[in-house]
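# Report on the structure
Residue-level listing of the chains:
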Amino acid sequence: MPHARYAVPLIGMFLAADAAAEGFILPEGNIQDRANGILALMAYSVVPDLASSSISVDDNSAGNPEINMTQFGGGATISKELPLYLEGAAAYSRYDPRFVASAGNESRRVPAKWTSVSATGGIGWDFPLSDEVVLRPIGNVSLGYVTSDLNTARIFVNSQFDKEIDFLDDGHMSAAGLGGSMMIDWERVRPEYEVDLELRYSYIHLKSIGGSDVVQGSANAETANLWSRWRAPTPFNVMHRPLRYVLEFSYSEYLGDQRGVLGFDRLATAGVGLEFDSSAYDLFITRTRLVVRHVLGDNLSGLSLGLAVSF
């Protein structure tokens, strides 16, 4: 991740800020930048985004060997008579950096793992531009929580340093975000096919609202998205309904503080899958989709499997 501006061993800021060590030395860094970096990573998770909904990155050469992010969510308009749009998304990420403490010619790795969870909700209203196109402004609010898991590192650090590191016992940060989105949604439904195209711009300002005294930061999550889906029936019937094939394409441009954090400024996905229609049965779920997607970015590529349901 050559452009990993913030994706560095973030635990270093807490250790360097709270302890003056003898023997092994923890490199100092700009505490404010590191705190902002935590929220910059969270910025990927708070904006509903298909392209970054599932990311796993390994880079041993950079000393930050692993980060995993998973997001799930959805949204829908209640009805044409009541064009209230509601959306929600939840995300989980696990970041496993390797902090290096040095003492002259000797250095040791300090294992430090981060876990973050976040949730975003949105309320909007559909303004019809035609029978198939709506303009949809959305207000968004987000909450996030980050905590460090340093049980394995505590023994090493406390044995090498004169002071107890407060953050090791209560390392966490809460964040809140407020912003909005603007979306143009085109939906066309025909017996022989269904097409859906969305253009969306989202902006959410994240700010820390609690945690350790040294952890105060902010970040702007700003993303422009294009998302499209084509669905059409196949000649086969499953569960007394036509089995559909699905084609998807999405493109996301990251414009805020998350831009370049993980080594890419944009992501694109192309997917193909199948959709099963269970509406012939008395079930809460009416449709189930399985889609295999190929993800492309500036410095990464990979495959993902997506599961979606309709009610």
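Keep in mind that what you see is a predicted model, and the values were worked out from it rather than measured.

Each value, and the rule that gives it
- Residues numbered from 1 in each chain as written.
- Predicted model: local features only at pLDDT ≥ 70, side-chain atom pairs only at ≥ 80, totals over all residues.
- Heavy atoms only, no water.
- Phe/Tyr/Trp six-rings, centres within 6.5 Å; stacked < 30°, edge-to-face > 60°.
- pLDDT = per-residue confidence, 0-100.
- Helix = DSSP H or I, 4+ residues; strand = E, 2+ residues; numbered from the N terminus.
- Contact = heavy atoms within 4.5 Å.
- Salt bridge = Lys/Arg side-chain N within 4 Å of Asp/Glu carboxyl O.
- Buried < 20%, exposed > 50% of the residue type's maximum accessible area, 1.4 Å probe, protein only.

A word on the packing of aromatic side chains. The full count for this structure, using the stated rule, is four aromatic pairs. Among the aromatic residues, those joined into a ring-pair cluster are Tyr44, Tyr254 and Phe264.

Mean pLDDT for the protein chain: 77, with 69% of residues reaching 70 or above. Helix H1 (residues 11-18) is the least confidently modelled element of the protein chain, averaging 38 in pLDDT, while strand E7 (residues 127-128) averages 96, the highest of any element. Here residues 1-31 scores under 50 on pLDDT; set against residues more than four positions off or in separate chains, the count is 93 contacts.

A separate point is the pattern of salt bridges. Should their charged atoms come close, side chains of opposite charge can pair. For the coordinates displayed, the defined rule picks out 18 salt bridges. In this structure, Arg287 and Glu194 form a salt bridge, with 3.3 Å as the shortest nitrogen-oxygen distance. In this pair, Arg287 sits in strand E14 (residues 287-297) while Glu194 sits in strand E10 (residues 193-211), placing the two residues 93 residues apart along the sequence. Of the two residues examined, Arg287 and Glu194, each falls in the buried class. Of the charged contacts, one joins Arg287 and Glu275 as a salt bridge, the two residues approaching to 3.3 Å between their closest N and O atoms. Placement of Arg287 in strand E14 and of Glu275 in strand E13 (residues 266-277) is noted, with a sequence separation of 12 residues between them. Glu275 matches Arg287 in its accessibility class, with the two residues each being buried. Through salt bridges that share partners, Glu194, Arg231, Arg244, Glu275, Asp277, Arg287 and Arg289 make up one connected network.

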